[in-house]
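Descriptive structure summary
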Amino acid sequence: MPPLHLTIKPVSSNCNLRCKYCFYHDLSYCREAPSRGLLRAEGLTEIMKKAFDYADGSLITVSFQGGEPLLAGKDFFRHFSSIISSLNTKRSAVHIALQTNGVLIDEDWCEIFSKNRYLVGVSIDGDAVTNILRVDTKGNDTFDKTYSALKLLQSKKIDFNVVTVVTKPVVNNISRVYSFFRKNKFKHLHFVPCLKPMEVHDIDTPETFYQYGDSWEIVDNEDFYISASEYEDFLKKTFSLYMRDCIDGRGTSIRLFDNFLRLAHSQKAEMCGMNGHCTPQFAIEADGEVYPCELYCTDKYSLGNIFETDFATLEGSPKAKAFIEESMGIETKCKDCNYYRLCKNGCKRERISLDKCTAYKNFFPYALPHLKRMK
Ligand code: SF4
Ligand code: SF4
């Protein structure tokens, strides 16, 4: 049985921040009901019972995402700890990850993470100067709170990685961003290209409304989305910093480059989309609605509700199969491409947001010889 991948959104799209590029804010507003409320402890128990039945002893990965998943509260996660012991009669290995803005993290949260060996992803876009798009509900800066959370995780020796959204402020200051991470010994970095809203990616000037305090603001996304040439610039500069650290033996991990390295040495990538197709997974909203991927949690892609069915039925549904099959074909332009083994056309959601192909065709001639030499 292959691993079962669950992404659970215990508080739906609800969040204590209003980051100006939030893809899940945009995506949830493409739905009839943007927020799906809160997942109760009993609902979580039912989901996990069905997950253990389906997995039948094989690996389960559970990733808590939001919105801000910590808004579900400590008791919700303590309940999760208790049920993964009591319900796991066939002894599945359970790997737990959680993606957070870090603002709520305190000693008690660290105890919860530590007990079940969570891998915590903390979103921060570099230092106080470059983290400017990550603001709270009143539009205030959030850097200090997230930075304190990272330092606390580090002092408690909890596994964490830093997740940075690649926007114009980050690309324009990548050396500064990287040296901030290096100075703080944040060694596991994941850079994610900023996604344009799903329904309006073909409009020239997409606009998104955000509420800050009592007022509504139109956020002009053109201020921070990056072009193919900016992405190329980002890749080249960041890769040269990554290589320098490898040579110095500092060993900073950048998830994208670590995966290119694996592919360059004929191993499989661990990142979804980098093996040339989508990975079967279940993204579960707070009301139990299930989608084939966290990036496609819209009404159109709903596979059904886990409280009314089971994982095997959802996986076998025509919509779930079509979602994976659609990603299997190889585009004509890729068939003769020298870089297919590294690129494989990538994640289909990212593809509609950013012309990675152009960036990669200029980046790979520079990176490939180095990747081949590196181990
Ligand atoms: S759309 Fe991207 S992230 Fe989602 S399953 Fe496909 S490759 Fe993975
Ligand atoms: S670089 Fe472009 S043509 Fe080559 S494999 Fe990637 S997407 Fe296809």
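See the structure shown above.
Structural notes, computed from the coordinates. (Residues numbered from 1 in each chain as written. Chains lettered and ligands numbered in written order. Predicted model: local features only at pLDDT ≥ 70, side-chain atom pairs only at ≥ 80, totals over all residues.)

1. Some details on the overall build of the protein
- From N to C terminus, the protein includes 15 helices and twelve strands.
- By the compact-globule yardstick of 21 Å for 375 residues, the protein fits well, its C-alpha radius of gyration being 20 Å.
- Here the C-alpha coordinates of the protein stretch approximately 50 × 45 × 45 Å along the principal axes.
- For the protein, the proportion of its 375 residues judged to be buried stands at 38%.
- Taking the intrachain contacts of the protein between residues at least 6 apart in sequence as the baseline, contacts between residues at least 24 apart amount to 74%. (Helix = DSSP H or I, 4+ residues; strand = E, 2+ residues; numbered from the N terminus. Rg over C-alpha atoms; globule rule 2.2 N^0.38 Å. Buried ≥ 20, exposed ≤ 12 C-beta atoms within 10 Å, placed from the backbone. Contact = placed C-beta atoms within 7 Å.)

2. Some remarks on the pairing of strand β4 (residues 119-123)
- Counted residue by residue, β4 has four buried out of five residues, so it is predominantly covered.
- Pairing geometry for strand β3 (residues 94-100) and β4, over four bridges, is parallel. Following the sheet pairing, A97 is matched in β4 by L119.
- Of the crossover connections in this fold, the one passing from β3 over helix α4 (residues 107-115) to the parallel β4 is right-handed. (Pairing = 2+ DSSP bridges. Right-handed = clockwise from strand over helix to strand, strands pointing away.)

3. Section: the site of ligand 2
- Around ligand 2, the structure places K333, C334, C337, Y339, Y340, C343, N345, C357, Y360 and K361.
- The set of elements that each furnish at least two residues to the shell around ligand 2 consists of α12 (332-335), α13 (340-343) and α15 (356-373).
- Looking at side-chain class alone, the shell around ligand 2 contains seven nonpolar, one polar and two charged residues. (Near = placed C-beta within 6 Å. Nonpolar A, V, L, I, M, F, W, Y, C, P; charged D, E, K, R; others polar.)

4. Describing the site of ligand 1
- Surrounding ligand 1, one finds C272, G273, C278, T279, C293, L295, S327, C347, K348 and R349.
- Looking at the shell around ligand 1 residue by residue, the classes come out as five nonpolar, three polar and two charged.

5. With respect to helix α9 (residues 255-264)
- All buried positions along α9 are accounted for by L256, F257, F260 and L261. Around the axis of α9, the buried residues are gathered within 140° of arc, so they sit on the same side.
- Here the buried face of α9 lies against β6 (188-193), α8 (228-248), β9 (253-254), α13 and α15.
- Phi turns positive one or two residues past the end of α9, at S266, with a value near 60°. (Arc of directions from axis to C-beta.)

Interpretation note: all reported values are geometric properties and have no functional meaning in isolation.
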